[in-house]
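Breakdown of the fold
These are the residues of each chain, in order.
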Amino acid sequence: MILKEVRSDQTFFCKFSHATSCQFIFVSTLTLLAISFDRYLYISSPLRYPLIVTWRRTYGILFSIWICASLLPPILAEYEKPTKVRTLCSAPISLAFIAAMIYVVIPLSLIFYYNYKIFRLARGHVRRMHKDRVAFNHVNPTASSSRVALENRFSYKITREMKAIKTFAIVVGVFLLCLVPFMSVILIGSLVCDCVPAIVTVLLGDLAGANSIMNPIIYSMRQKEYKNCYHQIFSAIRIRLMSVFVGT
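Residues numbered from 1 in each chain as written. Predicted model: local features only at pLDDT ≥ 70, side-chain atom pairs only at ≥ 80, totals over all residues. Heavy atoms only, no water.

Overview of the overall build of the protein
Counted only if it meets this: Helix and strand labels come from DSSP, where a helix needs a run of H or I of at least four residues and a strand needs a run of E of at least two; each type is numbered from the N terminus. For this analysis, residues touch if any pair of their heavy atoms sits within 4.5 Å. Only the protein chains shown count as cover for residues, and the accessible areas themselves come from Shrake-Rupley with a 1.4 Å probe.
Helices and strands together make up the secondary structure of the protein, namely nine helices and two strands. Its helices and strands taken in sequence order, the protein reads α-α-α-α-β-β-α-α-α-α-α from the N to the C terminus. If you take every contact in the protein between residues at least 6 apart in sequence, the share linking residues at least 24 apart comes to 72%. Carbon and sulfur atoms provide 69% of the accessible area of the protein, an area that totals close to 17000 Å².

Given below as structure tokens:
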């Protein structure tokens, strides 16, 4: 209908599109915050972690994230107005500021705080492990094979955890790279001047939405388990396509 210039209820469509887009962005920030806090608990309290983070609580947190992210978008949609660009609505600056503070600024600040704490704790664990290994080898140079194997397993665990921390840092960085330009353009258009070209706003909005497909790519590049899973999926698809073409 947009391409054919068919008149329709564009006001409803732009309100619905903008509200759902905001909801998904809010879900992303709150989910990243939950993952950051989960990683912090895992590093700071490894023995208590299985007792604190259970599957039941995890499901409850995920459900609460979607509920919290769904509270403000209907209010935004109620007060949004269409702009010169079709399918694009703008919300009052006061509501947009409140939404940005609650769902973007505060969660991102906490994400940076917890990841900084995680990095310091993990680095401290690595340093202590290295000092203990050096001291033990100095006192007992003929260490048993079981002791060495135990140290190697612990070192491998710490290495994997550090890699997971770096992977999550990349995820947060890509999220900011996709979201910050669009948020900056919206703030400039609302507070400074209506001088941003419409095409720039639309493209940066698409960039913010494209963040959703970035995480599978990042994990597939960083995690061996994801690589193997994708390899199995594409191998199954290739075999299926080959069987179809050979059969025809």
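Here's the deal with the nonpolar core
How we decide: What makes a nonpolar core is a set of buried Ala, Val, Leu, Ile, Met, Phe, Trp, Tyr and Cys residues whose side-chain atoms join them at distances within 4.5 Å. Residue burial is assigned from relative accessible area. The probe radius is 1.4 Å, only protein chains are included, and a residue is buried under 20% of its type maximum, exposed over 50%, and partly exposed in between.
Judged by nonpolar contacts, the single largest core of 20 residues is most densely connected at Leu32, Leu108, Ile111, Val172, Phe175, Leu176 and Leu179. If you list the elements that add at least two residues to this core, you get helix H1 (10-44), helix H5 (93-139), helix H6 (145-192) and helix H7 (198-210). The element best represented in this core is H6, accounting for 10 residues. If we ignore the near neighbours within four places in the chain, the residues touching Leu108 are Phe175 and Leu176. In terms of nonpolar packing, the next biggest core, distinct from the first, is built from 12 residues, Cys22, Leu72, Leu95 and Tyr103 among them.

Some words on a nonpolar patch on the surface
In plain terms, the rule: Two joining distances apply to patches: 9 Å for like charges and 5 Å for nonpolar side chains (Val, Leu, Ile, Met, Phe, Trp, Tyr), and every residue must have over 30% relative accessible area and no salt bridge. Salt bridges, as used here, are contacts in which a Lys or Arg side-chain nitrogen is within 4 Å of a carboxyl oxygen on Asp or Glu.
Together, Ile93, Leu187, Ile188, Leu191 and Val192 make up a nonpolar patch on the protein surface, roughly 460 Å² of accessible area in all. If one sorts the elements of the nonpolar patch by residue count, H6 sits on top with four residues. Classification of Leu191 as exposed rests on a relative accessible area of 60%.

Examining the side chain of Glu80
Note the cut-off: For this count, His and the chain ends are skipped, Lys and Arg are scored as positive, and Asp and Glu as negative. We define a polar contact as two N or O atoms separated by no more than 3.5 Å, with the added condition that, inside protein, one atom must be a possible hydrogen donor and the other a possible acceptor, whereas residues neighbouring each other in sequence contribute only through side-chain atom pairs.
Tracing the backbone through its elements, the reader meets Glu80 in the loop between helix H4 (73-79) and strand E1 (81-82). Notably, Glu80 is buried but unbridged: the nearest opposite-charge side chain belongs to Lys15, and the N-O separation is 6.7 Å. A distance of 2.2 Å separates a polar atom in the side chain of Glu80 from a polar atom in the side chain of His18. The contact partners of Glu80, leaving out residues within four places of it in the chain, are Cys14, Lys15, His18, Cys89, Ser90 and Ala91.

Concerning the side chain of Thr167
On the secondary structure map, Thr167 appears in helix H6. The exposure class assigned to Thr167 is buried, which follows from its relative accessible area of 1%. Not counting the four nearest positions on each side in its chain, Thr167 is found in contact with Ile218, Tyr219, Arg222 and Gln223.

What to know about the packing of aromatic side chains
For any pair of aromatic rings, geometry is given as the distance between the ring centres together with the angle between the planes. The line we're drawing: Paired rings are identified among Phe, Tyr and Trp, the last through its six-membered ring, by centres lying within 6.5 Å, and are further divided according to the angle between planes into stacked (under 30 degrees), edge-to-face (over 60) and tilted (the rest). Only Lys NZ and Arg CZ are tested; either one counts as a charge over a ring when it is within 6 Å of the ring centre and within 35 degrees of the ring normal.
Under the counting rule described, the total for this entry stands at seven aromatic pairs. Here Tyr113 and Tyr114 contribute two aromatic rings whose centre-to-centre distance is 5.4 Å and whose plane-to-plane angle is 65 degrees, an arrangement assigned as edge-to-face. Of the residues examined, Tyr113 reaches a relative accessible area of 45% and is grouped as partly exposed. According to the relative accessible area criterion, Tyr114 is buried, its value standing at 17%. Connected via pairs of aromatic rings, a cluster forms that spans Phe37, Tyr40, Tyr113 and Tyr114. Arg39 extends its terminal NZ or CZ atom over the ring of Tyr42, reaching a point 4.8 Å from the ring centre.

Section: the pattern of salt bridges
Counting across every chain of the model gives one salt bridge. Two residues, Arg39 and Asp38, come together in a salt bridge whose shortest N-O distance is 3.1 Å. Judged by relative accessible area, Arg39 falls into the partly exposed class, the value being 22%.

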